[in-house]
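# Notes for the structure review
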Amino acid sequence: MQRRGRTRTPPHRGLVPLTTVAGALLAVLMGLVFLMLVLAIQDARHSLLSARSGRPALDQVGVVQGTVLDMEGGQRSYVITRQDEFLTPWRAARAAFPAQAQRLVEVSTSPAQRQLARQIQRAGQSFVDDYSVPLVAAARRGDPDAASTARTLEGKQRLDALRAQLSRYLRDERLAINQRENALEARMRTLTIAASAGVGVAVLLIVGFGAYVTRVIVWPVRRMARFATRLAAGDLGARVPLSGRREIGQLEAAFNTMAGSLEKSHRRLRLLYDAGTAVGNTLDIGRTADELVRVAVPRFADFVTVDLEESVLLLGEEPTASETVLRRVARGGLRDDSPLDAAGALIAVEPPPGVARNPRTGAALIADLRAARGAAFPDALHTDRLLDYGMSSLITAPLSAQGVLMGVVVFWRTRDSPPFEEDDLSDARELAARSATAIDNARRYTRERETALALQRSLLPHVLPDCPSVDFAYRYLPAGTRAGVGGDWLDAIPLSGTRVALVVGDVVGHGIQASATMGRLRTAVRTLADVDLPPDELLTHLDDLVLHLDDGAGEQAGEVGSTCLYAVYDPVSRHCSLASAGHPLPFVISPRGTVEPAPGQAGPPLGLGGLPFETTDLVLPEGATLALFSNGLVHSRDLDLSHGLDRLRRALAASGEGESLEADCDRVVAALRTGEPADDVALLLARTRALPDDQVATWEIPADPEQVAHARTLTTGRLGAWKLDELSFTTELVVSELVTNAIRYGGSPIRLRLIRDTRMLICEVSDGSSTAPHLRRARVFDEGGRGLLLVARLTRRWGTRQTAAGKTIWCEQALPVTDASTRSPGSVDW
């Protein structure tokens, strides 16, 4: 019994606070690193913008220089050539110069450059206003002074000064730009170093945090995942080593507790599953109890005992819960020397007093047998033997069916095993409930089987009749499976003229219904046999009867597939006629021992309706044996029909010389059936006899009333030869009446036959008319109608049968006791 693991107290410092602190520190450091990177990037951006801001000033200086050159070139060309087309670029340059000079002031990047740009603006504007405009005006007036050397030198000086200012502005601006670009490069180097350092620190922090998480969380979880995989694969003994700390340690302990619970639950479910599959497979009460013992020992208990009511055990009756003593059905354990009473002993019903009992299930627990010794077991001697043997605890569970106690099962444990606990009561209850269901099913099967067997025995013939024409031996084995007894039957029916009818049939299904249907069919066959019909006609009437059998519920009780074999043997002619309705044809064993199947074809099973049956005629030598059998002898799940027929043929051929029919039956059944049959087994062996010629007398009687006296004379003479003078008077009267009726109402040919067997004297009169006479009560003044009444009163029995040429009227008289032969052996009770 696995004990529950103790719950560990949560640690003061768990993984959650530590992981939170480490994560927060990592987040702060990563934030600082990224802040430094952002600031450095912003500084670099400003430096880059500053370096880029000098480029417009350089471009604007070039623009201003070009404008000054255009203006100077235009004025000079006009002064020299006096052509107005040169004034167009001059005017455009003069108009654009103010705005361009102002733009140069605006794009200057430093106050010194801006001051220098203003000087360039003033010097250029002065050149335009004070020199260029007056010079052009003088040239347009034609003033010769405009082209003088003095004015030209003045203009040159002014332009040189303006150009010097522009060159100095350009030089200073380029120097500033170079300085800013150098500063930007230095800052970029600093930014790269800072970014690399920040990324390195961030990587180190991430690696450290990952290593911490991997060591503290990932590796333990992966280890538990491996053990969980083993547990899921069925290794219920997988356990995680308790090497973790904080929540991981708790998780490892919880995992081991869960694995232990799963292992315990699996053992319990496996026990109950095995109990469900192993207990109750045989429908035998004793074997079911033994199966319970084998399932419970040693997985649940060290020793187990099962006790039941005797009425349930032996007869399958309903439990009464009123018996004070139970019969021990099964006992088992780890050893065979336990002091527990053996199987078959009588056990008191009352449970020990003072026992902890489960109010829902009735299961009782004694956890410590020694502590409960005084109150629970008044029998101190027996208790001491149990304690000395080592018994320490027990559970008693009732075996109940439909709320009624059938018995009790007791589970014992010794000191070598952990004592029973409260949790074990549910397992004991489940085992007892499943076993009680199986035992109740076995009990019901036993009762139904006994009922079906009783019904079948009452419907089958207890003793086969003693027939002078054949010797009988037979065996009938009911089915031994849980399906119950089947509907097989066999019969021998004496017929007129020392003939005998042999019948073997099989009703599909098992149980009481099959037995009842079998009884109805057997009765129908006997009734139809009294009519003395040929085999094919009898099966036709039987088939029609099966179609109309009703069980009282509006359903047909005659199952389609029921079979029957009907054979008639005449010892006078040694003629045998047979017909089959879906039943295997018999084997014919010659007096020399050769075995051959009877010729012919089996017709359709009974219950199909409208299909013909065929009669097969055989002539059997005296001493030949007919072997009639049911399907259960030659066919089963493990035995093909053709193989079964071959085995039966070999078994019949193995008969020893002089072996009796009883011995033949035993040998054949033993050879073909080694265990309990899955279907009913019926075997009928009939060895034929033949009546000697001196026991049969036959005469042809002409259709002349005067021949009646001659018939009486022939009869008296034959009876004298047989030394049956005591029967002469009666026989003369019977022959006179029958021959007279044949001559008067029948037709030629008329034949008189006397048969003397070991018990009867049989008188038969045949004629060519198929009209059967009927017995009736003659009135006072009637002249006829008393002949058959006289025959019926003087003889033991009488009847008619149809023949191919007409009909035969027969009657029987018992031989005197001194002449009657003794009863031949061979009749055996069922």
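## Topic: the packing of helix α2 (residues 87-107) against helix α3 (residues 111-141)
With their axes 9 Å apart at the nearest point, α2 and α3 run at an angle of 165 degrees to one another. Classified by the interaxial angle, the pair formed by α2 and α3 is roughly antiparallel. Viewed along their axes, α2 and α3 form a crossing whose handedness is left-handed. Contacts between α2 and α3 involve L87, W90, R91, R94, F97, P98, A101, Q102, L104 and V105 on the former and, on the latter, R114, A117, R118, I120, Q121, G124, Q125, V128, S132, V133, V136 and R140.

## Let's talk about the packing of aromatic side chains
Here the distance between the centres and the angle between the planes together describe a pair of aromatic rings. A full pass over the atoms with the stated rule returns 5 aromatic pairs. With 5.2 Å between their ring centres and 85 degrees between their planes, F300 and F411 make a pair best called edge-to-face. Of this pair, F300 sits in the loop between α6 (285-296) and β1 (303-308) while F411 sits in strand β7 (residues 404-414), placing them 111 residues apart in sequence. Look at F300 and you get buried, because its relative accessible area is 3%. Judged by its relative accessible area of 0%, F411 is buried. An angle of 25 degrees between the planes, with centres 5.9 Å apart, marks the rings of F587 and F629 as stacked. Placement of the pair is F587 in strand β13 (residues 587-589) and F629 in strand β16 (residues 625-629), with a sequence separation of 42 residues. Counting every residue linked through ring pairs, the aromatic cluster contains F300, F411 and F420. Across the ring face of F300, the terminal group of R413 is positioned such that the distance to the ring centre comes to 5.7 Å.

## As for α3
Over its 31 residues, α3 runs 44 Å from end to end, which matches the ideal 45 Å to within 8%, given 1.5 Å per residue. Just downstream of α3 lies G142, where phi reads positive at about 90 degrees.

## Examining the confidence of the model for the protein chain
Mean pLDDT for the protein chain: 78, with 81% of residues reaching 70 or above. Here strand β4 (residues 356-357) stands out as the element of the protein chain with the lowest mean pLDDT, 46, in contrast to strand β11 (residues 563-570), whose mean of 94 is the highest. Here residues 352-360 scores under 50 on pLDDT; set against residues more than four positions off or in separate chains, the count is 16 contacts.

## Points about the sheet that holds β11
Picture the strands of a sheet paired through backbone hydrogen bonds; they go either parallel or antiparallel. On the basis of which strands lie adjacent, the open sheet formed by 5 strands has the order β9-β10-β11-β12-β15 and antiparallel pairing. In this open sheet, the two strands that pair with only one neighbour each are β9 (489-494) and β15 (616-619). For this sheet, the mean angle separating the axes of adjacent strands, direction not counted, is 15 degrees. Here β9 pairs with strand β10 (residues 500-506) via 6 bridges, running antiparallel. Within the sheet, the bridge partner assigned to D491 lies in β10 and is V503. In this fold helix α11 (residues 512-530) packs onto β9, β10 and β11, with an angle of close to 20 degrees to the strand it touches most, β9. Sheet contacts for helix α12 (residues 535-548): β11 and β12 (575-581); angle to β12, the most-contacted strand, approximately 25 degrees.

## Brief notes about the pattern of salt bridges
Evaluation of the coordinates by the stated rule reveals 22 salt bridges. Put simply, D767 and K807 hold a salt bridge, and the shortest N to O gap is 2.9 Å. Taken together, the residues span a long stretch of sequence, with D767 in strand β20 (residues 760-767) and K807 in strand β22 (residues 807-814) at a distance of 40 residues. An identical accessibility class is assigned to D767 and K807; each is buried. Salt-bridge contacts for E812 lead to R797; the nearest nitrogen and oxygen are separated by 3.0 Å. You can see E812 sitting in strand β22 and its partner R797 sitting in strand β21 (residues 797-802), a full 15 residues away along the chain. On the basis of relative accessible area, R797 is assigned to the partly exposed category, the value being 34%. Among the charged side chains, a network of salt bridges with common partners joins K156, D160 and R163.

## Remarks on the nonpolar core
In terms of nonpolar packing, the biggest core is built from 37 residues, with F300, V304, V306, L399, V409, F411 and L431 touching the most fellow members. Looking at this core, the elements that each hand over two or more residues are α5 (246-278), α6, β1, β2 (325-333), β6 (391-401), β7 and α10 (423-459). The leading source of residues in this core is α10, at 8 residues. Sequence-distant contacts of V304, defined by excluding residues within four places in its chain, comprise V293, A296, V297, A330, R331, G332, V409, V410 and F411. Membership of the second largest hydrophobic core comes to 33 residues, among which are M71, A93, V105 and I177.

## Structural notes on the packing of helix α17 (residues 728-745) against helix α18 (residues 787-794)
Running from N to C, α17 and α18 cross one another at 150 degrees; their axes reach a closest spacing of 9 Å. When the interaxial angle is binned, α17 and α18 end up roughly antiparallel. For the element pair α17 and α18, the recorded crossing hand is left-handed. Taken together, the residues of α18 that come into contact with α17 (itself represented by T730, L733, V734, E737 and L738) are G787, L788, L790, V791 and L794. In terms of residue class, the contact of α17 with α18 is made up of 7 nonpolar, 2 polar and 1 charged.

## Considerations on the pairing of β10
The buried fraction of β10 is high, at 7 of 7 residues. Neither face of β10 is exposed, since V500, L502, V504 and D506 on one face and A501, V503 and G505 on the opposite face are all buried. Hairpin connection, β9 to β10: the antiparallel pair is bridged by 5 residues, and G497 has positive phi, about 70 degrees. Pairing analysis gives 7 bridges linking β10 to β11, with the strands arranged antiparallel. By the bridge assignment, V504 is partnered in β11 with L565.

## Some remarks on the sheet that holds strand β18 (residues 696-701)
Across the sheet, 5 strands lie side by side as β18-β19-β20-β22-β21; this open sheet has antiparallel pairing. On the outer flanks of this sheet lie β18 and β21, each paired with one strand and no other. For this sheet the average axis-to-axis angle between neighbouring strands, irrespective of direction, equals 15 degrees. Where β21 and β22 come together, 6 bridges link them in antiparallel fashion. Counted as the bridge partner of T800 is I809 from β22. The strands touched by helix α16 (residues 707-721) within the sheet are β18, β19 (750-756) and β20, with β18 carrying the most contacts at an inclination of about 170 degrees.

## Here's the deal with the side chain of T498
Summarising the element assignment, T498 is placed in the loop between β9 and β10. Accessibility expressed as a relative area gives 7% for T498, which makes it buried. Not counting chain neighbours up to four residues away, the residues in contact with T498 comprise S469, P571, V572, L691, I755, D757 and I762.

## Structural notes on the pairing of strand β8 (residues 470-477)
Burial of β8 is extensive: 6 of the 8 residues sit out of reach of the surface. Where β8 meets strand β17 (residues 681-688), 8 bridges bridge the pair, whose relative direction is antiparallel. Each residue of the ladder has a partner; that of D471, found in β17, is R687.

Parameters and conventions
- Residues numbered from 1 in each chain as written.
- Predicted model: local features only at pLDDT ≥ 70, side-chain atom pairs only at ≥ 80, totals over all residues.
- Heavy atoms only, no water.
- Axes fitted to C-alpha atoms, helices over the stretch in contact; angles between N-to-C directions.
- Helix = DSSP H or I, 4+ residues; strand = E, 2+ residues; numbered from the N terminus.
- Parallel < 35°, antiparallel > 145°, perpendicular 65-115°, else oblique.
- Left-handed = near helix turned anticlockwise from the far one by under 90°.
- Contact = heavy atoms within 4.5 Å.
- Phe/Tyr/Trp six-rings, centres within 6.5 Å; stacked < 30°, edge-to-face > 60°.
- Buried < 20%, exposed > 50% of the residue type's maximum accessible area, 1.4 Å probe, protein only.
- Lys NZ or Arg CZ within 6 Å of the ring centre and 35° of its normal.
- Expected span 1.5 Å × (residues − 1).
- pLDDT = per-residue confidence, 0-100.
- Pairing = 2+ DSSP bridges.
- Salt bridge = Lys/Arg side-chain N within 4 Å of Asp/Glu carboxyl O.
- Core = buried A, V, L, I, M, F, W, Y, C linked by side-chain atoms within 4.5 Å.
- Nonpolar A, V, L, I, M, F, W, Y, C, P; charged D, E, K, R; others polar.

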